[in-house]
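Here is how the chains run, residue by residue.
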Amino acid sequence: MNDTTSPPAGSPSGSEQDRRHQRFRYHTAVTVVTDGPEGFVAVRARSDDISAGGAKIVCDERITSQRVYLRILIPELADTFVEAEVVNSRNETVTRLGTDGGERFTYNTRFQKFVSDRAMLDVLRVAAGLPATA
């Protein structure tokens, strides 16, 4: 058998076949909180797709941390942060209104766990510009 043959039309690619959870295109606001040299900082982003196991996040800023905390704007998760691991990334140059718009960064993440520690949740909420819990 020839290992270089392409899958039949309409078949998922190799990476899609290896996924444990089906991804769905879903665009919503995401706040990505990372722990850097100056402490926790928030980056505004959006989701491109999401599954039970992870999400593809797109933003205009470079994220240098492998561990991130995501606040995904879905009604059921709006007050929740999910710890996730960046499994791969890519960047591309984008053009906006006829000018060089800079770079856009795409991060594929794998969910690790919901953040349940109250002190950590307060740190993440403050970094994201939200009030700490009472």
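Residues numbered from 1 in each chain as written. Predicted model: local features only at pLDDT ≥ 70, side-chain atom pairs only at ≥ 80, totals over all residues. Heavy atoms only, no water.

## Structural notes on the overall build of the chain
1) Next: Broken down by element type, the chain carries two helices and seven strands.
2) Next: The order of α-helices and β-strands along the chain, N terminus first, is α-β-β-β-β-β-β-β-α.
3) Next: Here the chain holds 134 residues, and the buried ones make up 34% of them.
4) Next: Nonlocal contacts in the chain, meaning residues at least 24 apart in sequence, comprise 55% of its contacts between residues at least 6 apart.
5) Next: Accessible area for the chain stands at about 8800 Å²; split by element, carbon and sulfur atoms hold 49% of it. (Helix = DSSP H or I, 4+ residues; strand = E, 2+ residues; numbered from the N terminus. Buried < 20%, exposed > 50% of the residue type's maximum accessible area, 1.4 Å probe, protein only. Contact = heavy atoms within 4.5 Å. Areas by Shrake-Rupley, 256 points an atom, 1.4 Å probe, with all protein chains shown as cover.)

## Quick notes on the pairing of strand E2 (residues 29-36)
A regular strand carries its side chains on alternate faces of the sheet.
1) Next: Both E2 and strand E3 (residues 39-50) contribute to a ladder of eight bridges, which runs antiparallel. Across the sheet, the residue bridging to Val-30 is Ala-45, located in E3.
2) Next: The antiparallel hairpin formed by E2 and E3 contains two residues in its connecting segment. (Pairing = 2+ DSSP bridges.)

## A closer look at the pattern of salt bridges
1) Next: Evaluated as defined, the whole model comprises ten salt bridges.
2) Next: Arg-25 serves as the salt-bridge partner of Asp-48, at 3.4 Å between the closest nitrogen and oxygen. On the criterion of sequence distance, the pair formed by Asp-48 in strand E3 and Arg-25 in strand E1 (residues 24-25) is long-range, its members being 23 residues apart.
3) Next: Note on Asp-48: relative accessible area 10%, which makes it buried. (Salt bridge = Lys/Arg side-chain N within 4 Å of Asp/Glu carboxyl O.)

## A short note on the packing of aromatic side chains
1) Next: A full pass over the atoms with the stated rule returns two aromatic pairs.
2) Next: Seen in terms of ring centroids, Phe-105 and Tyr-107 are 6.5 Å apart; in terms of plane orientation they differ by 20°. Their pairing is stacked.
3) Next: The class for Phe-105 is buried, based on a relative accessible area of 5%.
4) Next: Owing to a relative accessible area of 4%, Tyr-107 belongs among the buried residues under this scheme. (Phe/Tyr/Trp six-rings, centres within 6.5 Å; stacked < 30°, edge-to-face > 60°.)

## Notes on the pairing of strand E4 (residues 54-59)
1) Next: Here E4 lies mainly inside the structure; six of its six residues are buried.
2) Next: Neither face of E4 is exposed, since Gly-54, Lys-56 and Val-58 on one face and Ala-55, Ile-57 and Cys-59 on the opposite face are all buried.
3) Next: In this structure, E3 lies alongside E4, joined through five bridges in antiparallel fashion. Each bridged residue has a counterpart across the sheet, and for Asp-49 the counterpart in E4 is Lys-56.
4) Next: The loop that links E3 with its antiparallel partner E4 comprises three residues.

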